[in-house]
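What follows is the residue order along each chain.
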Amino acid sequence: MKVSIIGATGYAGAELLRILYGHPQAEVVHITSESHTEEPISAIYPHLDGIYDLKLESMKDIVNIGKDSDFVFIGLPHGHAMAVGKALEGLPVRIIDLGADYRFSDTSIYETWYKVPHTHKNAKRVYGLAELCRDKIRNAKIIGNAGCYTTASILALAPLAKEHLIDVNTIIVDAKSGTSGAGRGIKQQTHFPDMYDSFAAYNVAHHRHTPEIEQAVSALSGEKCTLNFTPHLVPMSRGILATCYASLKPGVHADDVDEAYNNLYMNEHFIRLRGRGAYPETKWVRGSNFCDIGWHIDERTGRVIALSAIDNLVKGAAGQAVQNFNIACGFDEKTGLDFAPIYP
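Quick caveat, the model's predicted, so the values are computed rather than measured.

Peer 1: Quick question: what am I supposed to make of the side chain of Arg103 here?
Peer 2: Within the secondary structure, Arg103 sits in the loop between β4 (94–97) and α5 (107–114). Residue classification places Arg103 among the buried residues on the basis of a relative accessible area of 6%. A polar contact is formed between the side chain of Arg103 and the backbone oxygen of Asn145, at a distance of 2.7 Å.

Peer 1: I keep staring at the layout of surface pockets and nothing clicks. Help me out?
Peer 2: To find the voids left in a structure, one rolls a probe of water-molecule size over its atoms. Of the voids in this model, the largest pocket is the one considered here, and its volume is about 1,300 Å³. As for the largest pocket, its lining consists of 47 residues, of which Leu76, Pro77, Gly181, Ala182 and Gly183 are closest to the centre. Elements supplying a minimum of two residues to the lining of the largest pocket: α1 (11–21), α7 (148–162) and α11 (314–329). By residue number, the principal contributor to the lining of the largest pocket is α1, which donates three residues. Of the residues assigned to the lining of the largest pocket, the class counts are 16 nonpolar, 26 polar and five charged. Of the voids in this model, the second largest pocket is the one considered here, and its volume is about 390 Å³. Lining the second largest pocket are 17 residues, with Tyr127, Cys133, Lys136, Gln215 and Ala219 positioned closest to its centre.

Peer 1: How do you make sense of helix α6 (residues 130–137) when you look at a structure like this?
Peer 2: Helical geometry note: an α-helix holds 3.6 residues per turn, so side chains three or four residues apart project in the same direction. Within α6 the residues assigned to the buried category are Ala130, Glu131, Cys133, Arg134 and Ile137. Projected onto a plane normal to the axis of α6, the buried residues spread over an arc of 165° and lie on a single side. Residues Asp135 and Lys136 are exposed on α6 and point more than 90 degrees away from its buried face.

Peer 1: What exactly am I supposed to notice about the packing of α6 against α11 here?
Peer 2: Helix-helix packing is characterised by the crossing angle of the two axes and by the distance between the axes. Two elements in contact, α6 and α11, have axes whose closest approach is 10 Å; the angle formed by their N-to-C orientations is 35°. In terms of crossing hand, the pair formed by α6 and α11 is right-handed. Of α11, the residues touching α6 (which contributes Ala130, Glu131, Arg134 and Ile137) are Lys315, Gln320, Gln323, Asn324, Ile327 and Ala328. In terms of residue class, the contact of α6 with α11 is made up of four nonpolar, three polar and three charged.

Peer 1: Is there a simple way to think about the nonpolar core in this case?
Peer 2: Side chains of nonpolar character tend, in soluble globular proteins, to be buried together. Judged by nonpolar contacts, the single largest core of 86 residues is most densely connected at Leu16, Leu20, Ile31, Phe73, Ile171 and Val257. If we skip the residues at most four places from it in the chain, Ile31 touches Ile5, Ala8, Leu17, Ile41, Leu54, Lys55, Leu56 and Glu57. Membership of the second largest hydrophobic core comes to 20 residues, among which are Ile65, Leu76, Val93 and Ile95.

Peer 1: I keep staring at the pattern of salt bridges and nothing clicks. Help me out?
Peer 2: Side-chain pairs of opposite charge can arise whenever the charged atoms involved come near each other. Evaluation of the coordinates by the stated rule reveals 18 salt bridges. A salt bridge links Lys162 to Glu163, with the shortest nitrogen-to-oxygen separation between them at 3.9 Å. Overall, Lys162 belongs to the partly exposed group, its relative accessible area being 40%. Judged by relative accessible area, which is 40%, Glu163 ranks as partly exposed. Here Asp292 and Arg274 are joined by a salt bridge, their closest N and O atoms 2.9 Å apart. One end of the pair, Asp292, is in strand β12 (residues 291–298); the other, Arg274, is in strand β11 (residues 271–276), with 18 residues separating them in the sequence.

Peer 1: I keep staring at the packing of aromatic side chains and nothing clicks. Help me out?
Peer 2: For any pair of aromatic rings, the description rests on two quantities: the centre-to-centre distance and the angle between the ring planes. Counting across every chain of the model gives eleven aromatic pairs. Ring centres of Tyr21 and Tyr52 lie 5.9 Å apart, and the angle between their planes is 65°; on these two criteria the pair is classed as edge-to-face. Separated by 31 residues along the polypeptide, Tyr21 in helix α1 and Tyr52 in the loop between α2 (41–44) and α3 (62–67) bring together distant segments of the chain. Aromatic rings pair up to connect Phe71, Phe73, Phe325 and Phe331 into one cluster. One cation-aromatic arrangement involves Arg18 over Phe339; the distance from NZ or CZ to the ring centre is 5.5 Å. Above the plane of the ring of Phe290 lies Arg272, whose end atom (NZ or CZ) is 4.2 Å from the centre.

Peer 1: What is the right way to look at the sheet that holds strand β5 (residues 125–128) in this model?
Peer 2: In a beta sheet, neighbouring strands pair by backbone hydrogen bonds and run either parallel or antiparallel. Spatially, the six strands line up as an open sheet ordered β2-β1-β3-β4-β6-β5, and their pairing is parallel. Unpaired on one side and paired on the other, β2 (27–32) and β5 mark the two borders of the sheet. Adjacent strand axes in the sheet meet at a mean angle of 20°, parallel and antiparallel pairs treated alike.

Peer 1: Would you explain the packing of α1 against α11 in this entry?
Peer 2: Contact geometry for α1 and α11: axes closest at 9 Å, N-to-C directions at 45°. On the basis of the axis angle, α1 is oblique to α11. For the crossing formed where α1 meets α11, the hand is right-handed. Contacts between α1 and α11 pair Ala12, Glu15, Leu16, Arg18, Ile19 and Leu20 from the former with Val314, Ala317, Ala318, Gly319, Ala321 and Val322 from the latter. Per-class residue counts for the contact of α1 with α11 are nine nonpolar, one polar and two charged.

Here is what the cut-offs are and how they apply
- Residues numbered from 1 in each chain as written.
- Predicted model: local features only at pLDDT ≥ 70, side-chain atom pairs only at ≥ 80, totals over all residues.
- Heavy atoms only, no water.
- Helix = DSSP H or I, 4+ residues; strand = E, 2+ residues; numbered from the N terminus.
- Buried < 20%, exposed > 50% of the residue type's maximum accessible area, 1.4 Å probe, protein only.
- Polar contact = N/O pair within 3.5 Å; in protein donor to acceptor, adjacent residues only side chain to side chain.
- 1 Å grid on protein atoms, 1.4 Å probe; cavity = no way out; pocket = protein on both sides within 12 Å on 5 of 7 lines; lining within 4 Å.
- Points joined across faces, edges and corners; volume = space filled by probe spheres on them.
- Nonpolar A, V, L, I, M, F, W, Y, C, P; charged D, E, K, R; others polar.
- Arc of directions from axis to C-beta.
- Axes fitted to C-alpha atoms, helices over the stretch in contact; angles between N-to-C directions.
- Left-handed = near helix turned anticlockwise from the far one by under 90°.
- Contact = heavy atoms within 4.5 Å.
- Core = buried A, V, L, I, M, F, W, Y, C linked by side-chain atoms within 4.5 Å.
- Salt bridge = Lys/Arg side-chain N within 4 Å of Asp/Glu carboxyl O.
- Phe/Tyr/Trp six-rings, centres within 6.5 Å; stacked < 30°, edge-to-face > 60°.
- Lys NZ or Arg CZ within 6 Å of the ring centre and 35° of its normal.
- Pairing = 2+ DSSP bridges.
- Parallel < 35°, antiparallel > 145°, perpendicular 65-115°, else oblique.

Structure below.
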């Protein structure tokens, strides 16, 4: 399959290039950047020297790029993918957007949280969380790749919501991410002297991944979900640990929780169930497409605490995009992704 990457110089774009290099069924034919047009990708990312000799193009020629591609991956900030989607609407090329523009079934929710108008409301799109949306992804024209925090949180909560074991309006998600989740742009918050040896919350009660988690939990449970989501920044380059709390419904026992996780994920290669009482760590999944999940039952408070660890740039971005690509193409989902985590 001929694939192109729009916005290839972001961290997710670079990670896509790394993964697709080892994919036997993918040939990268076009990569774009408006700020580095005509430069070789290895000038931006020297680790790709000798691996890719492609030069960065402008997306002003997006129609011709689309005509020359079977799939287009979009690694642009929110608000920009819609223009690409509209430009390619009449072509057979399929789209995987790593941003937020195509993640919501209700575009008014997107507009409320992202503060930009949605200009492609009639787009035929599906949500791209592979383990939960596989059947819809197979034939989708546009796949809205799930977000990083949301992937970790939804996968941790999905069995509990699907089996109606929790009160979905008691959910609290407390998540921590490495700084690569903030992108390559220079920010005071991720400036090394400010970030190093520190630990801080941000966007409390206002983070844009909140409605995405609510949308997924509501769909799984059949009940409207309103939850608290608090993200934190930790001084590491990559990785997310999500700790998710919820009140168990009356009569739910620990064995019911165990059974829910095992039933939903027993055949999922990229979900590694660490089991009840486990403490997943980001280092266990670093550089891989795995999501490690453990859970605890607090008998005293009647709550379940589910923990999940992912690499935010792989399972939370580029790896998930390639997994969705594999599903859409009919390839084995592990193709190009069947590599071990990096340790230590």
